[in-house]
Amino acid sequence: FKAPKQERFIRGSLRNLGPGYTKEEIRDRIENREKYRDFESKIIKTHRQDIMKRTAPHKKLIDTSGDKFINSPGLKRWADKQNLKTAAALYADAGSITKLKEDMEKESSIAGAARTELVAIDQQLKDLKELKYNLDQYKENLPFHQKYRKSGDPDRYMRMHETELILFDGAKRKLLQMGIRPKMSELNKVNSDIEALESKKAELEETYRSSTARSKELRSSYESITQFLDKQKDEAAADKPGKKNRFR
């Protein structure tokens, strides 16, 4: 059978059209429309997925500008057919070039926003981990400082625990510079904040990876479709006056 204005007949088969398009199935769907009404969208979706699978839309267009294609009309026709299948499948998946471009820009924007937020989170984590380090040093070495203050022989105690006392003084001085008066509750809050930020960072990293990959995939599809359409325009313009072009 063929559609209106279609030049060649096409055989209804699983290989050519996918499931649901044999002569008997088409007749049954025409005669029993109510029976298939609820399944129409599912059939169309399955059919489109089948087209995408059979035509391998993830492949890029074949470059037919080389000598091997110029010197072999048969090879050129085969490559043109494959390019038509790829472009058609990509277009069917996108819905429209405008929507494809919008989706591409949307995914790119999501990836960019995630990347910007990741940079900010990394800085926050760096600051919090520095704060945590100094709080840890303060808490761990506070007992040595307290014993030093109560020691009957502070010079001797200093010689025995010089490292711990230096670490305590350094941490205390750093915390005061940061405007922090250390309490146990502050250390617990810092630990909680770090955990929350690391969890958010993991989510953003996944968003960034998936949106970047999707943006690249959409860009590849967009470039393939526009490249194919531009090529057809160039070939149509190069045709002799009055010659009918099959891609118009």
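The coordinates are above.
Residues numbered from 1 in each chain as written. Predicted model: local features only at pLDDT ≥ 70, side-chain atom pairs only at ≥ 80, totals over all residues. Heavy atoms only, no water.

Let us now look at the overall build of the protein. The number of helices and strands found in the protein is 10 helices and zero strands. Listing every helix and strand of the protein by position from the N terminus yields α-α-α-α-α-α-α-α-α-α. Expressed as a percentage of the 248 residues in the protein, the buried residues total 26%. Contacts spanning at least 24 positions in sequence make up 68% of the contacts within the protein whose residues lie at least 6 apart. Summed over all atoms, the accessible surface of the protein reaches about 18100 Å², with 52% contributed by carbon and sulfur. (Helix = DSSP H or I, 4+ residues; strand = E, 2+ residues; numbered from the N terminus. Buried < 20%, exposed > 50% of the residue type's maximum accessible area, 1.4 Å probe, protein only. Contact = heavy atoms within 4.5 Å. Areas by Shrake-Rupley, 256 points an atom, 1.4 Å probe, with all protein chains shown as cover.)

Counted at 1.5 Å a residue, the expected span for helix H7 (residues 97–150) with its 54 residues is 80 Å, and the 79 Å between its end C-alpha atoms agrees. Along H7, the helix axis deviates most sharply at Asn-141, where the bend reaches about 45°; the proline Pro-143 sits within four residues downstream. (Expected span 1.5 Å × (residues − 1). Bend = angle between axes of the 7 residues up to and from the residue.)

Tallied over the entire structure, the rule returns seven salt bridges. One salt bridge connects Lys-132 with Asp-136, and the closest N-O pair in it is separated by 3.2 Å. Placement of both Lys-132 and Asp-136 in helix H7 is noted, with a separation of four residues, approximately one turn of the helix. For Glu-206, the salt bridge is made with Arg-209, and the minimal N-O distance between the two is 3.1 Å. With a gap of three residues between them, Glu-206 and Arg-209 both fall in helix H10 (residues 184–238), about one helical turn apart. (Salt bridge = Lys/Arg side-chain N within 4 Å of Asp/Glu carboxyl O.)

In this structure, Leu-131, Leu-135, Leu-175 and Val-190 are the most contacted members of the largest nonpolar core, which totals 17 residues. Looking at this core, the elements with two or more residues in it are H7, helix H9 (162–177) and H10. If near-sequence neighbours (up to four positions away) are discounted, Leu-131 is found in contact with Leu-175, Met-178, Ile-180 and Val-190. (Core = buried A, V, L, I, M, F, W, Y, C linked by side-chain atoms within 4.5 Å.)

Another point: the packing of H7 against H9. At a closest axis distance of 7 Å, the pairing of H7 and H9 adopts a crossing angle of 130°. Accordingly, the angle class assigned to the pair H7 and H9 is oblique. Judged by the twist between their axes, the crossing of H7 over H9 is left-handed. In this structure, H7 contributes Glu-130, Leu-131, Asn-134, Leu-135, Gln-137, Tyr-138, Asn-141, Leu-142, Phe-144, His-145 and Tyr-148 to the contact, and H9 contributes Glu-164, Leu-165, Leu-167, Phe-168, Ala-171, Lys-172, Lys-174 and Leu-175. Broken down by class, the residue content of the contact of H7 with H9 amounts to 11 nonpolar, four polar and four charged. (Axes fitted to C-alpha atoms, helices over the stretch in contact; angles between N-to-C directions. Parallel < 35°, antiparallel > 145°, perpendicular 65-115°, else oblique. Left-handed = near helix turned anticlockwise from the far one by under 90°. Nonpolar A, V, L, I, M, F, W, Y, C, P; charged D, E, K, R; others polar.)

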